[in-house]
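Topology and contacts: notes
Each chain, letter by letter, is given below.
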Amino acid sequence: MLVADGSLTRFDAEGTPEHTWAPDDPEWPRLAIRFGLRSQPRTVTPAGRFVEAAKLTRPGG
């Protein structure tokens, strides 16, 4: 089962969690491929200039 925080949990036949792998676990990429996921480096918001939204004006006015 894929959890919102990115961890993967395996359940036994009774539905009890057997094991959980966090995204930083070395086994995580091997298991995550079943969900179509792959390990990627963490991203950050780029620093730099931000352009403010232009004000819309009517032609001629």
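Above this text you will find the structure in question.
Residues numbered from 1 in each chain as written. Predicted model: local features only at pLDDT ≥ 70, side-chain atom pairs only at ≥ 80, totals over all residues. Heavy atoms only, no water.

Bringing the pairing of strand S1 (residues 8-11) into the picture now. Sheet topology places S1 next to strand S2 (residues 17-21); four bridges connect them, and they run antiparallel. Residue pairing in the sheet places Leu8 in a bridge with Trp21 of S2. (Pairing = 2+ DSSP bridges. Helix = DSSP H or I, 4+ residues; strand = E, 2+ residues; numbered from the N terminus.)

Turning to its location among the elements, Thr9 is positioned in strand S1. Judged by its relative accessible area of 10%, Thr9 falls in the buried class. (Buried < 20%, exposed > 50% of the residue type's maximum accessible area, 1.4 Å probe, protein only.)

A contiguous nonpolar patch, built from Met1, Val3 and Phe11 and spanning about 260 Å² of accessible area, is present on the exposed surface. Its place among the elements puts Phe11 in strand S1. (Patch = residues over 30% accessible without salt bridge, like charges linked within 9 Å, V, L, I, M, F, W, Y side chains within 5 Å. Areas by Shrake-Rupley, 256 points an atom, 1.4 Å probe, with all protein chains shown as cover. Salt bridge = Lys/Arg side-chain N within 4 Å of Asp/Glu carboxyl O.)

Looking now at the pattern of salt bridges. Within the structure shown, the criterion is met by two salt bridges. With a closest N to O distance of 3.0 Å, Arg10 and Glu18 form a salt bridge. Residue class for Arg10 comes out partly exposed when judged on its relative accessible area of 43%. When the shortest N-O distance is used, the salt bridge between Glu27 and Arg30 registers 2.7 Å. A residue is classified by how much of its surface remains accessible, and Glu27, at 34% relative accessible area, is partly exposed. Exposure remark for Arg30: the relative accessible area of 52% places this residue in the exposed category.

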